[in-house]
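Analysis of the macromolecular model
Spelled out from the first residue to the last, the chains are:
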Amino acid sequence: MVNIIKYSSSKRREWNDFLTGSKNGTFLFNRDYVEYHGERFTDFSLMVYDGGELIALLPANIDSDQLVSHGGLSFGGFIVDSRMKVSIMLKIFNELIKLMQAENINKLIYKKIPYIYHSIPSDEDLYALSKINARLTRRDVSSTIYFRNIIPFQKNRIRAIKKAEHMDIGARESEDFSSFWRILQSNLWLKHNKYPVHSLDEIIYLRNKFPRNIRLFASHKDDVMIAGVVVYESSNVAHVQYIASDPNNNIKGSLDIILSYIIKKYSSEKTYFDFGISTENNGIYLNEGLAFFKEGFGARAVVHDFYEVDINE
């Protein structure tokens, strides 16, 4: 018998332990990560039991009369383990709808976990969504390298890497998040008139909580940082969370040489290298120049899908 309860802090260890053994979870769903910006969201995370046994998690928040999975994360549907079957997931969604009706929640916004984060197939939720007439309302597109079938770098990327090497620019891992955050903030403000999602204090806090998952790689000229890439590591994927070069010291190839370095590094450690999305305005607009840059390293499209369900229709 499927039973869904709201998450509470007393369940923190049980939540995190289940996440560790899941087939589609990442450190982003650890309660320490979900709650680092807890003051911005009204948490409504859920835990699903079957006969007293925990079988699924849903990181989520309430936004007005909507249940969002999760507003503070790029994605985050049901987290399950290898025991999950389609018939059980159908029951879970039926119980989820009953819970939402009882709580006067009128809409579900469900952000599917992309398949590259699955350790084994995990699309039971997609079938269940189709059975309750969920609508695909947004599709972002990311660029991803599949290390088991690598596409060579394009010539323009190779030329940029060689130019950086000729100028004695090297790439290495760094602990200097402060210097990179100055570069990142200047870059984002100049190009987009906005600041990073994470403040410096927040990224340092998260780095200290997850030192094996959040890493900074940078390029330097004469020991001065000129570009950097923050990577989020999960079991299958090395994901580019932030990428920027110094707009006041913009040397061609300063990013290319970092990406070449870390792509080579992760090619023997991960299955995928994900550059992140190149879409804007809720997936409507494709930044073709940004996508072209990523595709130059052999990355190809992986989509991030958003679904909506009107509960009372």
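A brief structural summary. Sequence order as written defines the numbering, with residues in each chain counted from 1. Whole-chain, interface and lining totals are the exception, using all residues; otherwise, since this is a predicted model, local features are given only for residues with pLDDT of at least 70 and side-chain atom pairs are given and counted only at 80 or more. Side-chain numbers come from the whole structure's heavy atoms, not from hydrogens or water.

**Some details on the sheet that holds strand E17 (residues 300-310)**
- Strand order in this open sheet of 11 strands is E2-E5-E6-E8-E17-E9-E14-E13-E12-E11-E10, and the pairing throughout is mixed. If you trace the sheet from one side to the other, it starts and ends with strand E2 (42-43) and strand E10 (170-174), each paired once.
- Note: strand E11 (residues 214-221) against strand E12 (residues 224-233), 8 bridges, orientation antiparallel. Across the sheet, arginine 215 pairs through a bridge with valine 231, a residue of E12.
- Of the strands in this sheet, strand E6 (66-69) and strand E8 (107-111) are in contact with helix H3 (residues 86-102), which crosses E8 at around 135°.
- Between two residues, a contact is recorded if the distance between any of their heavy atoms is within 4.5 Å. Structural elements are reduced to axes, namely lines fitted to C-alpha atoms, with helices fitted over the stretch in contact, and the angle between N-to-C directions of any two is expressed from 0 to 180 degrees. In DSSP terms, a helix is any run of H or I states spanning at least four residues, a strand is any run of E spanning at least two, and both are numbered starting from the N terminus. Each of strand E9 (135-146), E10, E11, E12, strand E13 (237-245) and strand E14 (272-277) is contacted by helix H8 (residues 256-266), which is oriented at about 140° to E11, the strand it contacts most. Any two strands are treated as partners once DSSP identifies two or more bridges connecting them.

**As for the pattern of salt bridges**
- Within this document, salt bridges are pairs made up of a side-chain nitrogen of Lys or Arg and a carboxyl oxygen of Asp or Glu, the two lying within 4 Å of each other. Scanning all chains against the criterion turns up 26 salt bridges.
- One salt bridge in this structure joins lysine 6 and glutamate 103, with 3.1 Å as the shortest N-O distance. Highlighted residues: lysine 6 in strand E1 (residues 2-6) and glutamate 103 in the loop between H3 and E8, separated in sequence by 97 residues.
- The buried label goes to any residue with under 20% of its type's maximum accessible area, the exposed label to any with over 50%, and the partly exposed label to all in between, with areas taken from a 1.4 Å probe on protein chains only. Of the residues examined, lysine 6 reaches a relative accessible area of 41% and is grouped as partly exposed.
- Via salt bridges that share partners, Arg12, Arg31, Asp32, Glu35 and Asp43 belong to a single interconnected network.

**Regarding the side chain of glutamate 233**
- Considering the arrangement of structural elements, one finds glutamate 233 in strand E12.
- By relative accessible area, glutamate 233 is classed as buried at 8%.
- Among the polar contacts made by the side chain of glutamate 233, one reaches the side chain of tyrosine 266 at a distance of 2.6 Å.
- Every residue in contact with glutamate 233, bar those within four places of it in the chain, is listed here: Phe27, Arg212, Asn213, Arg215, Tyr266 and Lys270. Any pair of N or O atoms that falls within 3.5 Å is considered a polar contact. Within protein, one atom must be able to donate a hydrogen and the other to accept it, and sequence-neighbouring residues count only if both atoms are side-chain atoms.

**Considerations on the nonpolar core**
- The nonpolar core is taken to be a set of buried Ala, Val, Leu, Ile, Met, Phe, Trp, Tyr and Cys residues, with the residues joined through side-chain atoms within 4.5 Å. By size, the foremost hydrophobic cluster in this structure holds 40 residues, and its most contacted members are Tyr33, Phe180, Val230 and Tyr232.
- Here this core gets 6 residues from one element, more than from any other, and that element is helix H6 (residues 177-192).
- If we ignore the near neighbours within four places in the chain, the residues touching valine 230 are Phe177, Phe180, Trp181, Ile214, Arg215, Leu216, His239, Val240, Gln241 and Tyr242.

**Focus on helix H7 (residues 200-209)**
- Taken residue by residue, H7 has Glu202, Ile203, Leu206 and Arg207 as its buried positions. Viewed end-on, H7 has its buried residues packed into an arc of 135°, placing them on one side of the element. The exposed set on the far side of H7, more than 90 degrees from its buried face, consists of Asp201 and Asn208.
- On its buried face, H7 is in contact with helix H2 (31-34), H6, E11 and E12. The arc under discussion is defined with respect to the helix axis, by the directions toward the C-beta atoms.

Interpretation note: all reported values are geometric properties and have no functional meaning in isolation.
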